[in-house]
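Analysis of the macromolecular model
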Amino acid sequence: MPVLGGTPAVLGTTMTATASGSIADGKPVVINANGTVSQAAAVSGGSLVLNHGAPEMIVEYYLDEAFNVSNNGVHYRGGASIEAHNTLTGGICFNNDGTKLFHAGRNPDAVQEFGLSVAYDINTLKYLRELNISSQETDATGVRFNADGTKMFVVGYSGDDVNEYALSSGFDVSTASFTDSFSVSSQESSPTGLAFNTDGTKMFIVGSSGDDVNEYALSTGFDVSTASFTDNLSLADQTTYPQDICFNTDGTKMFISCIYENIFQYTLSTGFDVSTASFANTFMFTHDRFNPAASTSGTNITGLIFGSGFPPPGNYIGIASGAYSDGETVTIQLIGSIDDAQSGMTAGTLQYVQRDGSIGSRITPVVAGLALTQTTLLVKGGYNNLFHTGLPYGV
């Protein structure tokens, strides 16, 4: 039996590698940078979701590398129009598990709640309800929540403030009531986006008047009444119209969208500290290359958020033959092998590695193989990506 990294073998063979984490029988396997293998799973930060203007659409892209926006690593996945619900769009955010998406807009002045029947999959977006916020803000541009969804924050350039709401049921805007506000007008008279660090003790505001990121300290997490200005970072060398802001999980990467189809990426040597930020790169989302559904008149990126993505297509190598614990030697069925540990498939259909690492018929960027029967799968792995054998890539 070949060992991973050894001599190339033939179609239908198996090979072995060391497990990193537990792996269940019949599950897709991905290779890691250190040569170990893991059960395929959703990748935090593996998808990028943007709110495009002209027309008003929520659009999803999957990334080759989590939290990395680069020219060759961003791929259009699909989108959903929200023009029927708002014609002047703003910021967006997810709930914790990606089954809800929220949008702050200006026509009407509301926070809109959408459901996703498949987590983080914008193609399954469906309007649920909305909260009228016109008593607090008539030009809403950004929205965020605390960790459990019992607090919601809306920023806009009519009030030049951050409005805080309490939700008796987490991530349900129908249960929201206004509680407090915090003015940012001394730093920004046209705020367009906001973000928090993980525990809510830092808040960040971008806007098109100061063209900068303003950082605030909150002595009580996610309580804007305790906020005070601490620092700012000029964005003028990159853009004069910033729209939204978000960070990676540990705050060492910051992303800024603007109305000219650009996303700017920054590196922070200290997480969530804008005084340590340095510009890294720019990426432009043109309508023809990355959003076939967008208008040819241009694309304003008013909302920016990362979601859970797919296992990288190039990392999928096959199906686990048996169940394994961390550190054990895994036997992997490679391209051309027959796996009989599946269930519920339709014979003759392509099967795909789903966002959560399962196998199903819903089309994704990663083909797992061809269903021969309800229980048997002709494996399509990335074996020929790992070894130069000249074999065709596909089932």
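Calculation notes
Residues numbered from 1 in each chain as written. Predicted model: local features only at pLDDT ≥ 70, side-chain atom pairs only at ≥ 80, totals over all residues. Heavy atoms only, no water. Pairing = 2+ DSSP bridges. Helix = DSSP H or I, 4+ residues; strand = E, 2+ residues; numbered from the N terminus. Axes fitted to C-alpha atoms, helices over the stretch in contact; angles between N-to-C directions. Buried < 20%, exposed > 50% of the residue type's maximum accessible area, 1.4 Å probe, protein only. Phe/Tyr/Trp six-rings, centres within 6.5 Å; stacked < 30°, edge-to-face > 60°. Lys NZ or Arg CZ within 6 Å of the ring centre and 35° of its normal.

This paragraph deals with the sheet that holds strand β5 (residues 57–63). The sheet built from 4 strands is open, its strands ordered β6-β5-β4-β23 with antiparallel pairing. Two strands lie at the open edges of the sheet, namely β6 (74–81) and β23 (300–309), each paired on one side alone. Across the sheet, the axes of successive neighbouring strands diverge by a mean angle of 25°, strand direction being ignored.

This part is about the pairing of strand β24 (residues 316–320). Among the 5 residues in β24, 5 count as buried, and that is most of the element. As paired strands, strand β2 (residues 28–31) and β24 are joined by 3 bridges and run antiparallel to one another. For V30, the partnering residue across the bridge sits in β24 and is Y316. As defined by bridge partners, β24 adjoins strand β25 (residues 329–333) across 2 bridges and the pair is classed as antiparallel. In the strand pairing of β25, A320 is matched with I332.

Within a beta sheet, neighbouring strands are joined by backbone hydrogen bonds and run either parallel or antiparallel to one another. If you trace the 4 strands from one edge of the open sheet to the other, you get β19-β20-β21-β22, paired in antiparallel fashion. Looking at which strands have only one partner, the edges of the open sheet turn out to be β19 (242–247) and β22 (277–284). For this sheet the average axis-to-axis angle between neighbouring strands, irrespective of direction, equals 25°. Bridge analysis of strand β20 (residues 253–258) against strand β21 (residues 262–268) gives 5 bridges, and the strand direction is antiparallel. Across the sheet, I256 pairs through a bridge with F264, a residue of β21.

The next thing to look at is the packing of aromatic side chains. Following the criterion strictly, the structure yields 20 aromatic pairs and no others. Between Y61 and Y76 the ring centres are 6.1 Å apart and the planes differ by 65°, which places this aromatic pair in the edge-to-face class. On the criterion of sequence distance, the pair formed by Y61 in strand β5 and Y76 in strand β6 is long-range, its members being 15 residues apart. Judged by its relative accessible area of 0%, Y61 is buried. Taking the relative accessible area as the measure of exposure, Y76 reaches 30% and is therefore partly exposed. Here the aromatic residues F67, F255 and F306 are joined through ring pairs into a cluster of three or more. Sitting above the plane of the F310 ring, R355 keeps its charged end 4.4 Å from the centroid.

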